Amino acid sequence: MSQKANLKNSGYLRVKNIDKSFGSFRALKNVSFQADRGELISVLGPSGCGKTTLLRVVAGLEKQDSGEVFVGDRDLSNYPISKRNVGIVFQSYALFPNLTARQNIAYGLKTRKLKKSEIDRKVDALLQLTGLKGLGRRYPAQLSGGQQQRVALSRAIAVSPDILLLDEPLSALDAKVRVMLRLEIRQLQQRLGVTTIMVTHDQEEALTMADRILVMDQGKLVQEGTPHEIYEHPATPFVASFIGSMNFIGNAVKQDQGVYKVGEHILHVSGENGSAQIKEQSGAILAIRPENVMILPNEEGRANVIKAQVEAIEYRGAMFRVGLKLPLGGDTKVLIESDMPSEKISRLNISENMVIPVHFPTDRLRVYQA
Amino acid sequence: MIKTTIAAIDTEKWIRYTMILMVCIWLAVVVVLPLFQLLSKSVVDLEGNFVGIANFIHYFKTPSLFNSFGNSLFVSVMTTIFSVTLGFLYAYALTRTNLPYKNFFNAIAMMLLFSPTLLNGITLVYLFGRKGLVTLGFFGAIPGWNIELYGPVGIIISEVIFTFPQAVLILSVALRMTDARLYEAADSMGASGFQTFITVTLPGIKYGLLSSVLVCFILAFTDFGAPKVVGGNYNILATDIYKQVIGQQNFIMGAVVSVVLLIPTVIAFIMDRIVQRKQVSMIAAKSVPLQPKINRFKDRLFLIFCGFISLVIMGFFATALFASLVKVWPYNLNLSLDHYNFNRMGGGGYSAFFNSIKMSFYSAVVGTAISFTSAYLIEKSRGMPLMRQAAYFLSILPLALPGLVIGLAYIFFFNTTSWNILGFYLPNPLNSLYGTMAILVLSNVVHFYTVSFLTATTALKQLDREFETVSESMSVPFYKTFFKVTMPVCLPAILEIGIYYFVNSMATVSAVIFLYSADIPLAAVAVANMDDAGDIAPACAMSVLIVLTNVVVRVGYGLVTKGIRARTEKWLSK
Ligand SMILES: Nc1ncnc2c1ncn2[C@@H]1O[C@H](COP(=O)(O)OP(=O)(O)OP(=O)(O)O)[C@@H](O)[C@H]1O
Ligand SMILES: [Mg+2]
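Quantities reported herein were computed from a predicted structural model and do not represent experimental measurements.

Thresholds, definitions, all that
Residues numbered from 1 in each chain as written. Chains lettered and ligands numbered in written order. Predicted model: local features only at pLDDT ≥ 70, side-chain atom pairs only at ≥ 80, totals over all residues. Heavy atoms only, no water. Helix = DSSP H or I, 4+ residues; strand = E, 2+ residues; numbered from the N terminus. Rg over C-alpha atoms; globule rule 2.2 N^0.38 Å. Buried < 20%, exposed > 50% of the residue type's maximum accessible area, 1.4 Å probe, protein only. Contact = heavy atoms within 4.5 Å. Areas by Shrake-Rupley, 256 points an atom, 1.4 Å probe, with all protein chains shown as cover. Lys, Arg positive; Asp, Glu negative; His and termini not counted. Charge placed at Lys NZ, Arg CZ, Asp CG, Glu CD. Near = heavy atom within 4 Å. Polar contact = N/O pair within 3.5 Å; in protein donor to acceptor, adjacent residues only side chain to side chain. Nonpolar A, V, L, I, M, F, W, Y, C, P; charged D, E, K, R; others polar. Phe/Tyr/Trp six-rings, centres within 6.5 Å; stacked < 30°, edge-to-face > 60°. Buried area = accessible area lost by both parts, 1.4 Å probe. Salt bridge = Lys/Arg side-chain N within 4 Å of Asp/Glu carboxyl O. pLDDT = per-residue confidence, 0-100.

Draft legend 1. Geometry of the overall build of chain B. Broken down by element type, chain B carries 25 helices and four strands. A compact globule built from 574 residues should have a C-alpha radius of gyration of about 25 Å, and chain B, at 25 Å, falls within 12% of that. Burial analysis of chain B (574 residues in total) assigns 54% to the buried set. When contacts within chain B are restricted to residue pairs at least 6 apart in sequence, long-range pairs at least 24 apart make up 78% of them. Accessible surface computed for chain B: about 26,000 Å², of which carbon and sulfur atoms make up 69%. Side-chain charges of chain B comprise 38 positive and 25 negative groups, with the mean position of each set lying 7 Å from the other.

Draft legend 2. View of the site of ligand 1. All names here are of chain A. Ser47, Gly48, Lys51, Thr52 and Thr53 are the nearest of the 13 residues found near ligand 1. Within the contact set of ligand 1, an oxygen atom lies 2.8 Å away from a backbone nitrogen or oxygen of glycine 48. Threonine 52 places a side-chain nitrogen or oxygen 2.5 Å from an oxygen atom of ligand 1. Considered on its own, ligand 1 offers 630 Å² of accessible surface; in the complex 59% of this is hidden by protein. Here the shell around ligand 1 takes three residues from helix α1 (residues 51-59), the largest share from any one element. Looking at the shell around ligand 1 residue by residue, the classes come out as five nonpolar, six polar and two charged.

Draft legend 3. Local environment of the packing of aromatic side chains. If you walk through the whole model with that rule in mind, you get 39 aromatic pairs over all chains. Where Phe96(A) meets Tyr107(A), the ring centres are 4.5 Å apart and the plane angle is 50 degrees; that geometry is what we call tilted. Of the two residues, Phe96(A) is situated in the loop between β6 (86-89) and α2 (101-110) and Tyr107(A) in helix α2; the sequence distance between them amounts to 11 residues. Summarising the aromatic geometry, the rings of Phe448(B) and Tyr500(B) are spaced 6.1 Å apart at their centres and angled 90 degrees between planes, so their arrangement reads as edge-to-face.

Draft legend 4. Quick peek at the interface of chain A and chain B. Contacts between the two partners involve 28 residues from chain A and, on the opposite side, 30 residues from chain B. Contact with chain B buries surface across chain A, with Pro97(A), Asn98(A) and Tyr107(A) losing the most and accounting together for 22% of the total. On the surface where chain A and chain B come into contact, there are one salt bridge. For Glu466(B), the salt bridge goes to Arg56(A), with nearest N and O atoms at 4.0 Å. Taken together, chain A and chain B are joined by six residue pairs in polar contact (both at pLDDT 80 or more). Sorting the residues of the side of chain A that touches chain B by element identifies β6 and α2 of chain A as the ones contributing at least two each. Looking at the side of chain A that touches chain B, the element that brings in the most residues is α2(A), giving three residues. In the side of chain A that touches chain B, the residues fall into 16 nonpolar, seven polar and five charged.

Draft legend 5. Fine view of the confidence of the model for chain B. Residues and elements named next belong to chain B. Overall, the prediction assigns chain B a mean pLDDT of 89, with 96% of residues at 70 or greater. Averaged pLDDT values over the elements of chain B bottom out at 58 in helix α1 (residues 2-8) and peak at 96 in helix α19 (residues 437-447). Here the predicted complex carries an ipTM of 0.82, next to a pTM of 0.87.

Shown next as structure tokens:
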């Protein structure tokens, strides 16, 4: 099925201007987003930013103070969860302990007036699909964490929901199982083509699984985009530091289009990264990811090169993280980090207290309003 | 448009809303309104005119009435001191020493929970009464010892026996909860045993200690059975209420004394609620269980102590059983079942016994159903916070009400044929319940409601909050999940509540003594009446029957439900 081409499928789930307060505390502030049919959207943000609340509003478990929720052409804003046709998987899985895996999966089907043989067939197919074949007769307590999670997922998709909602579905599992299940859930979701919203606070999970990511902070949606867009072009310093690491160099002053003065140095930025609205002579923050900070011997005097002192060298497995002290003139110094392959460290013979030229590629620097 | 509106109606929510509302209304009708009626009777004169606190002034100015208040306080405080001290030592031995046969010692203490306070009194009469075993020096074998049983001494001993297992229960929980790491820290700082006790043990169980003090006080302060048997001429509030109402037919003064009884009880009750809330927040923190160190001297000392207490308890039950079986105490000690032939006696005999079983069974079924369903609705519903809080508060309230107060309030409430509200006569639709089995069952359901409700709530809290949500998301109606998941998983707790209702309904006398009618005699009431008439041996026999029934039911329940409990444990093990 070609989903992108079908116009009806774009904006299949539409969430508009949601506001939600608990007492005087505003948990969601004017949140809007859309999801195409078959898309996996990940909601990412720090603890307490309102991810779960957003999911519960979409599910119909919390009533929004204002705003609307549409699925297809149905306005679900005032519907209870039982009439929204959503599948939901909680962090705790909430498997019924007194029912076997089979019975858990069949639970929602029983009320749908299906024939027993049809239910059996459907449950078998789901067990097969989620790699639970042969485990159907076990009780949840007799299954491993990963298996329980798969039963929960099967139970949620058994009733063919329009929207699948996952609240931190993998956070109760250990790291290895988590990585494996990430892939499995993603494949399953794509095979079924079910529109999915997954809440997580694990950026790696979001980056590897999602078609698009919504980044939230303090009840507000701060950025949405593909994993690539979010990583490469974080819209705010918050997003930049929340996803991956980011070096910030404050106290920059805009001299001209693409030219910034940092202390006694001048740094050029290509493309301006949407910061055209910063006025000349006004303050800015420059940012660059550690993997983009280059250490170049013998390239002094070139544009965007500043000499820095090596503060610390930290072993990180495949690479080293080098702490650098960047003099900005006078006594002002900025600490930044650079990620470098081990091979380069030994080739350049880099050691602590060494002074080396550091290069900031113009197309890798980002600019934020101070 | 209309279709959308209909689809948007959250039927489930409305059903739940209605049901919680019904819980509130039901509790208002069976608890608040009767209580209100009782309170209002305490401020009117015999003609029903409002007289403010005149009745209370009269009460406090009349020494024969007011003395009882001091007497009640005295016996309850003494009981509390003995009970908590002994209970603490016993619980300490069970939790903090290497006492052998801990299960046995625990079971012996818990045996006392089966003993109605009437039986405590009667057994004491056989031990320390005018012709008691000890008073006569074991039928002349050794010099006799008269402890002046009738009066405060007898009441206090009976109440200590009654409250001791409660103190052991509460204090064992508190002692078990303390974090072992604190003791390790104290050890590492070289604190002596006594220092550790003062600085670690006592602070660690302060809430448990307070709670046991309050609970023992309330139980002793409001008990009716023991003082009825061994009180003699020593008046206390509980017996005063009975005498005012049954003896003198002075219902107004009965209501006044009830209020006097109710006030300290409610205060102690509120304090206990606060203390328990604090204790719960303490349990929430993770703690490492303590492994008692081996200390020969200490372990021996506690073995002797527990051995002694157990012997006393077993001797106590043996005396009761023996006394019910001898022909004529203390002159003819040949065994016979004569006293179990109640036909010659007043009080109803075996029909009373079987009525009691019937009543207890109905109370168990109805009480369990209502308390569990209410706990479910309150615990597992989303939204409606105010209604749920109101329902929760009303569910806790009955615990503060002594049985006598419930009984008297029910007389007032259900005996009224109509109320005069601002000149309008509102007939009482519940009046027809008066004098029926239904009102007896109802009084038991309410009397033992709170403990059942809290047991159910605790069990429900252990289930995942999202069971309901997940079912709803699959459009499965909530009652289906209630029957298919919630109830099966909570089955052990449900059965436990049923047993609790049965056992207590069998033994209770305080509420039902006001409410039974001549054509529905009850076993526990028969005990009181036979004792009144001086037929103490059959009274003892009937009490023994009550205790035996409860033991059989409890043990049978344990055997029958072993499989169920094992199955549930398997489900819930992670
Ligand atoms: N029922 C409620 N009543 C009051 N406040 C609430 C309620 N539910 C959530 N909140 C508050 O709303 C804010 C957002 O909560 P939410 O559960 O959505 O956070 P989250 O982003 O899912 O966090 P986490 O990553 O920790 O799960 C929090 O500050 C929380 O305390
Ligand atoms: Mg959350």
